[in-house]
Every structure is written in structure tokens, then in C-alpha cells.
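Observations on the model geometry
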There are 2 protein chains.
Amino acid sequence: MLAAVIHDARDVRAEERPHPKILTPGDAVVRVVAACVCGSDLWPYRGVTPVKRPRPIGHELVGVVEELGSEVTSARVGDFVVLPFTMSCGVCQSCRAGYPAACDLVTGFGSTDRGGHPVDGAQGERVRIPLAQHSLFPVGRSEAELEAAGLVPHLLALADVMSTGYHAASSARVSTGDTVVVVGDGAVGLCGVIAARLLGAERVIAMSRHEDRAALARELGATDVVAERGQEGVAAVRDLLGGDLADAALECVGTKQSMDTALDVVRGGGRVGFVGVPHGGPELSVRRLFERNITIGGGMASARRYMETLLPSVLAGEILPGKVFDLELPLSDVAQAYAAMDERRATKVLLRP
Amino acid sequence: MLAAVIHDARDVRAEERPHPKILTPGDAVVRVVAACVCGSDLWPYRGVTPVKRPRPIGHELVGVVEELGSEVTSARVGDFVVLPFTMSCGVCQSCRAGYPAACDLVTGFGSTDRGGHPVDGAQGERVRIPLAQHSLFPVGRSEAELEAAGLVPHLLALADVMSTGYHAASSARVSTGDTVVVVGDGAVGLCGVIAARLLGAERVIAMSRHEDRAALARELGATDVVAERGQEGVAAVRDLLGGDLADAALECVGTKQSMDTALDVVRGGGRVGFVGVPHGGPELSVRRLFERNITIGGGMASARRYMETLLPSVLAGEILPGKVFDLELPLSDVAQAYAAMDERRATKVLLRP
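Residues numbered from 1 in each chain as written. Chains lettered and ligands numbered in written order. Predicted model: local features only at pLDDT ≥ 70, side-chain atom pairs only at ≥ 80, totals over all residues. Heavy atoms only, no water.

With an unreviewed UniProt entry as reference, chain A is termed Zinc-binding dehydrogenase, source organism Isoptericola luteus. Within the UniProt record for chain A, the comment given under Sequence similarities (unreviewed entry) is "Belongs to the zinc-containing alcohol dehydrogenase family." (UniProt positions renumbered as here; feature names shortened; annotations may be inferred.)

So this is what it looks like as C-alpha cells:
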């Protein structure tokens with residue numbers, strides 16, 4: 001089968017890999033209907049995190065169950081499923097508490113499972129899914145029906161970016177009437193805009209300096225856009241709010257500057273939800289949080305939980321997170337998909353095997 | 001009048017100071033009925049924070065209004081009042097949002113107000129209170145009545161430690177059925193135990209290795225006590241919980257070790273409320289919060305808000321935070337009060353002018 005493999009910085013190839021098989025009674029094999037490239041896939045692509053050896057890549061997919069291990073009863077062969085971007089057991093304390101992202105057995109795509117078996121990347125024709133009992137999320141409708149309704153991209157967004165944007169807003173405890181600043185205009189930031197509105201925010205200020213993304217942010221619910229960055233951005237937010245600051249901020253980038261901005265745009269007692277994958281820092285000053293009473297939470301999104309919350313809104317067409325995909329390519333053109341995102345010619349690329 | 005002045009490390013004296021006067025129309029003068037020594041007063045006393053010049057000290061008091069500036073209408077002369085440990089305007093965005101500790105004009109005792117006038121310390125016979133309109137909190141009962149009912153120590157605890165313990169529990173969003181670990185067995189930690197129970201925690205594990213404090217923690221509502229520290233303490237919590245971890249932790253010390261313990265005793269998706277004054281750190285690793293989905297919040301407590309929440313419970317005798325005072329001395333013996341707390345002969349000393 002065809003699957004994407006990253007060999008080195010700026011070297012992602014679609015190449016032949018072995019057809020996945022059931023290796024344990026808890027596995028499933030899923031045929032991929034759609035996958036995509038994540039902003040975090042660009043870290044190894046850009047050489048920010050080193051690629052030690054060639055490995056399959058990608059962690060977002062929707063697909064159809066082809067085969068099930070003997071212990072998996074949560075789905076049936078033929079079910080259309082969404083996969084969260086990490087697999088989880090559903091049994092440990094973190095899973096039971098609603099945080100499968102912090103599962104004791106958390107297992108990523110393109111890595112190795114707890115039994116030592118390699119795990120496929122999501123950018124491929126098929127994947128073996130370990131911990132399938134809890135990780136498979138059947139949508140309850142057929143592939144044909146979902147394709148005809150144009151719902152596949154919106155469901156695919158639940159695998160990561162929409163769940164992650166929702167985690168940012170939920171961690172920042174966004175609620176009715178809030179003023180929220182979203183730092184970051186990538187796919188996650190854009191989904192953060194959707195999530196903030198869904199949770200009742202009255203005013204959502206998107207920090208974006210790309211005209212196309214700013215326009216999409218407005219389409220998805222942003223009431224204002226601030227193009228400035230850093231302290232100039234904070235000043236622009238203050239201007240917009242008549243001297244006040246925001247109740248909450250969503251940090252959707254993962255750099256020191258974006259975290260600083262998120263901390264600076266909220267009022268005393270404000271809340272920051274952060275979901276940008278932190279890159280070699282930043283460290284947070286406890287004193288800074290202390291003096292301004294800022295609460296910070298977030299991290300890796302428990303997509304497996306949020307997709308349950310969000311599915312009805314997607315099926316009802318209330319939210320359209322698939323709008324973040326602005327380019328669709330065949331899996332065989334995966335190298336072009338990475339290049340387009342790297343060069344900011346695309347916000348997020350959907351891949352079709 | 002007599003007031004405590006810190007001259008240098010281990011040198012606190014009760015000495016004659018000028019009788020405070022109204023300096024601005026927003027001031028009040030309060031006669032102190034009771035004051036006390038805070039764990040944070042021990043930082044300069046122990047030389048951890050340098051004492052650059054002699055200054056009045058203390059930031060916790062209850063008293064009776066003696067004089068009011070022309071603009072102060074929130075209290076009347078003769079009212080028995082509690083003062084929060086920082087003064088606030090009540091008007092800025094942080095105050096309006098319920099976070100007067102992060103007030104734009106926040107003013108501490110023993111410092112200088114925004115007009116450049118010196119502010120008295122609370123360990124004295126009288127204090128000038130700037131920003132009195134919002135800062136004075138009248139209890140609605142007379143001094144004689146409150147003294148007769150033995151309520152003065154419990155009300156004094158609202159000035160800081162009980163409000164701070166409540167801030168820790170509230171920031172950690174403690175709610176019904178939670179398992180909560182309290183890190184720190186000082187007065188704030190003990191009040192954290194009270195607060196966790198008040199907010200519905202089912203199980204409260206106090207980390208304490210002092211027998212007298214552990215006994216008091218149990219009296220105030222702790223269901224378990226763990227004497228071990230660091231990783232041994234975390235293991236002991238796991239043992240108590242049958243391999244699980246806590247839903248929330250209250251960090252009531254302010255050291256790197258106590259913060260590490262608080263972060264390590266909560267499950268994935270757990271919440272840490274921190275109120276220990278951070279001393280030259282610690283810095284928080286964003287990645288650590290990220291991977292385990294830990295939310296952290298807290299900081300300087302908005303005592304002015306929490307005393308409103310907590311007053312009914314104090315007046316009804318439902319909570320007894322004044323139990324943290326285990327020594328009472330006249331103000332003239334303030335040097336002994338500091339020594340007793342420094343040498344851990346007392347948890348918290350109440351001073352009577």
C-alpha cells in the first residue's frame with residue numbers, strides 16, 4: 001500500500017509499505033478515506049525536530065473499519081470512524097476522568113505501541129489501530145452518505161484541529177458573553193474561533209496578519225481581527241476594547257512570543273488555554289501568573305472526548321471546521337502537500353489515498 | 001502609637017510611630033482590634049528578601065473605623081471591619097471581574113500608595129487605609145458582640161489565610177466528590193483544607209510532617225495525612241488512593257519542591273491551585289503541563305471578594321479558620337511573635353494592640 005514516509009527535513013515521500021495486519025486482539029485495521037497534514041508535521045519537515053531515521057508520518061484520519069481484533073466490540077467492520085490523533089485505553093484514571101490525551105498507555109501514530117509493534121502513520125492507505133476498543137469513534141453513518149453530504153472534511157477536522165481548538169477554549173473556560181483573543185491563525189487557531197463562539201463568546205478577536213486567514217476567521221465567527229504582533233498587538237486589543245483586556249486567550253502556536261501575547265492580552269484573573277505544541281520552552285514565570293491571577297490550562301487535546309461533544313454540531317452543519325482545508329491532493333502528491341503548507345500557500349491540506 | 005517595624009533580618013521592634021491621619025478624601029483611619037504575623041512576613045525576617053531600610057510590617061487586621069475621608073461612603077465611623085491584605089479600587093476591569101488582587105491600583109500595607117503617601121503596616125495600633133471605599137469590609141456587627149462571640153480570630157483569618165486557602169481551592173476548581181491534596185501545613189494550607197471541604201471535596205489529603213499541624217488538619221476536615229515529602233509523598237498518595245492520583249492539589253508553600261509535588265500528585269487533566277508566594281522561581285515547564293493536561297491557577301488571593309463569600313460561614317460557626325492561631329501576644333511583644341513562628345513554636349500568632 002502507499003503511505004507517506006519522512007526521510008529527512010524537506011523529504012517526505014509517498015512510498016510502498018506493507019499492508020497492515022491485526023497484531024493483537026485489541027487492534028483494528030482501518031482503510032483511510034481522508035487524511036491531512038498538521039502544522040506540527042512541519043516541525044520535523046522544517047528540521048526543527050530532527051528526523052533520526054525514516055518513519056511513517058501523519059496522525060489525522062477518517063476511514064472505514066476493514067478488520068477487527070477478537071477483543072474489539074466498539075465498532076463493526078464497515079463502520080465509518082474518526083480516529084483521535086492519539087490512541088488511548090479508556091480504562092486508566094486519566095481516561096476515566098475525560099483526559100485520554102494523558103492516558104497511561106497513550107500511543108501515537110508513526111511510533112511504537114506498548115507491545116513494541118510499529119504503528120503506521122495516518123497519511124497512508126491503511127493503518128493498524130492499537131487500543132482500538134476505545135480509540136475508534138464510529139460516526140453512525142455510511143461512507144457514501146457522508147461523502148454525498150460533503151461531511152468528510154468536517155469530520156476529519158475532529159481528529160485533531162477542531163478538537164484541539166475546542167480544548168483551548170474549554171481549558172480557558174470560555175463562556176457566555178466572554179471576550180476572547182485567539183493567538184494564531186493556523187488551522188487550530190481558526191478552529192479556536194469556532195469553539196469560542198460555540199461556547200458563547202460574544203467577542204472573538206483573531207490575531208492574524210494573513211488576509212485570507214483573517215477573512216476565514218471572520219467567516220467562522222471572529223468579530224475583530226488584529227494584525228499587529230507582540231506588544232503592538234496587545235495595544236491594538238486594548239484599543240479595540242476601550243482600554244480593557246480580554247477575559248480569555250487561546251494560545252494556538254507554541255512559541256514564547258505567542259504565549260507572552262496570550263498572557264498579556266487577558267485581564268487580571270483572566271484564563272489562557274494553550275494548545276500550541278511547546279518547542280523547547282517556553283518556561284512560564286510563576287510570579288507572572290501569581291501577580292495577575294492568570295489561570296493557564298490546556299495541552300494535548302483529548303480529541304477522543306471532544307469528538308463526542310462536537311459530532312452533533314458537525315452532522316447538523318452548525319459548525320464547518322472543514323473550511324480550514326484549502327487544498328486537496330492525492331496521497332501520491334504528499335510531498336507537494338508539505339511544500340504548500342511550508343510555503344504558506346495552503347493553511348491545511350487534505351490528502352485522499 | 002505603637003507599631004511593628006522591621007529593621008533588618010531577625011530585628012522586628014514595636015516602636016512609637018505617628019498617629020495616622022486622613023491624607024486624601026478616599027482614606028479611612030482604622031483602630032486595630034487584632035492583627036497577626038503571616039508566613040510571608042518571615043521571608044524578610046529570615047533575610048530571604050532583603051530589608052533595605054526600616055519599614056512598618058504586617059498586612060492582616062480587623063478593626064474599627066475611627067475616621068473617614070469625605071468620599072468614603074461604604075462604611076461608617078464605629079463599624080467593625082475586615083481589611084483584605086491588599087487595597088483595591090473596585091472600579092478597574094480586574095476589580096469588576098472579581099480579581100481585586102490584580103487591581104490596577106493595588107496597594108499593599110507597609111508600602112506607598114499611588115499618591116506617594118506612605119501606608120502603615122497592619123501590625124500597629126492604627127492604620128491609614130487608602131482606597132477605603134472598596135477596601136473596607138464592614139461585618140455588620142459591633143466589636144463588643146464579635147468579641148463576646150469569640151469571632152474576632154475567625155474574622156481576622158479572612159484578611160488573608162482563609163481567603164488565600166479558599167483562592168487555592170477555588171482556582172483548582174474543587175467541587176463535589178473531588179479528591180484533593182493540600183501541599184503545605186502552614187496556616188494557609190490548613191485553611192486550604194477547610195476550603196476544599198467547603199467546596200465539596202470528599203477526600204482531603206494533608207501533606208504534613210508536624211504532628212500538631214496534622215492533628216489540626218484532621219480537625220479542620222482532612223481525611224488523610226501524608227508525612228512523606230517529594231516523590232515519597234507522591235508514592236504515599238498513590239498508595240492511599242489505590243494507585244490513582246488526586247483530582248486537584250493546592251500548592252500552599254511557594255517553593256520549587258512544593259510546586260513539583262502539587263504537579264505530580266494530580267491525575268491527567270488535574271488542576272493545581274497555587275497560592276504560595278513564589279520565591280525567585282519556580283519556572284513552570286509548559287511541556288510538563290502540556291503532556292499531562294494540567295491546569296494551574298491561583299496567585300495572590302482576592303481576599304476582598306472571598307471575605308464576602310465566606311463571612312456567612314464564619315458568622316454561622318460553620319468554619320473555624322481562627323483555629324490556625326495557636327498563640328496570642330500583645331503587640332508590644334511582636335519580636336517574640338516572629339521568633340515563635342520562625343522557630344515553628346507557633347503556626348500563626350495573633351497580636352493584640
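Some details on the sheet that holds strand β2 (residues 11-16) of chain A
Across a sheet, strands are paired by hydrogen bonds formed along the backbone, either parallel or antiparallel in direction. All names here are of chain A. Spatially, β2-β1-β4 is the arrangement adopted by the three strands of the open sheet, whose pairing is antiparallel. Sheet topology places β2 and β4 (55-56) at the edges, where each strand pairs with a single neighbour. In terms of strand pairing, strand β1 (residues 2-8) meets β4 through two bridges, oriented antiparallel. Across the sheet, Val-5 pairs through a bridge with Pro-56, a residue of β4. Helix α13 (residues 334-342) contacts β1 and β2 of the sheet and is inclined by roughly 160 degrees relative to β2. (Pairing = 2+ DSSP bridges. Helix = DSSP H or I, 4+ residues; strand = E, 2+ residues; numbered from the N terminus. Contact = heavy atoms within 4.5 Å. Axes fitted to C-alpha atoms, helices over the stretch in contact; angles between N-to-C directions.)

Some words on the packing of aromatic side chains
Enumeration over the complete set of coordinates arrives at six aromatic pairs over all chains. For the ring pair Phe-274 of chain A and Phe-290 of chain B, a centre distance of 6.1 Å and an interplane angle of 50 degrees mean the geometry is tilted. Here the residue Phe-274 of chain A occupies a position in strand β15 (residues 266-274), and Phe-290 of chain B occupies one in helix α11 (residues 286-292), the pair thus bridging two chains. This pair shows no difference in class: Phe-274 of chain A is buried, exactly as Phe-290 of chain B is. A cation sits over an aromatic face here: Arg-305 of chain A above Tyr-99 of chain A, 4.8 Å from the ring centre. (Phe/Tyr/Trp six-rings, centres within 6.5 Å; stacked < 30°, edge-to-face > 60°. Buried < 20%, exposed > 50% of the residue type's maximum accessible area, 1.4 Å probe, protein only. Lys NZ or Arg CZ within 6 Å of the ring centre and 35° of its normal.)

Thoughts on the interface of chain A and chain B
Across the boundary between the two partners, chain A contributes 39 residues, which contact 39 residues of chain B. For the pair chain A and chain B, the summed buried surface comes to about 3300 Å²; carbon and sulfur atoms form 57% of the total. Of all residues in chain A, the largest losses of buried area upon contact with chain B belong to Gln-93, Val-286 and Phe-290 of chain A, amounting jointly to 21% of the total for that side. Summed over the shared surface of chain A and chain B, the number is two salt bridges. Across the salt bridge formed by Arg-96 of chain B and Asp-244 of chain A, the nearest N and O atoms sit 3.6 Å from each other. The interface formed by chain A and chain B contains 11 residue pairs in polar contact (both at pLDDT 80 or more). For the side of chain A that touches chain B, the secondary structure elements donating two or more residues are α2 (93-96), β15, β16 (283-285), α11 (286-292) and β17 (295-298) of chain A. It is α11 of chain A that provides the largest number of residues to the side of chain A that touches chain B, a total of six residues. (Buried area = accessible area lost by both parts, 1.4 Å probe. Salt bridge = Lys/Arg side-chain N within 4 Å of Asp/Glu carboxyl O. Polar contact = N/O pair within 3.5 Å; in protein donor to acceptor, adjacent residues only side chain to side chain.)

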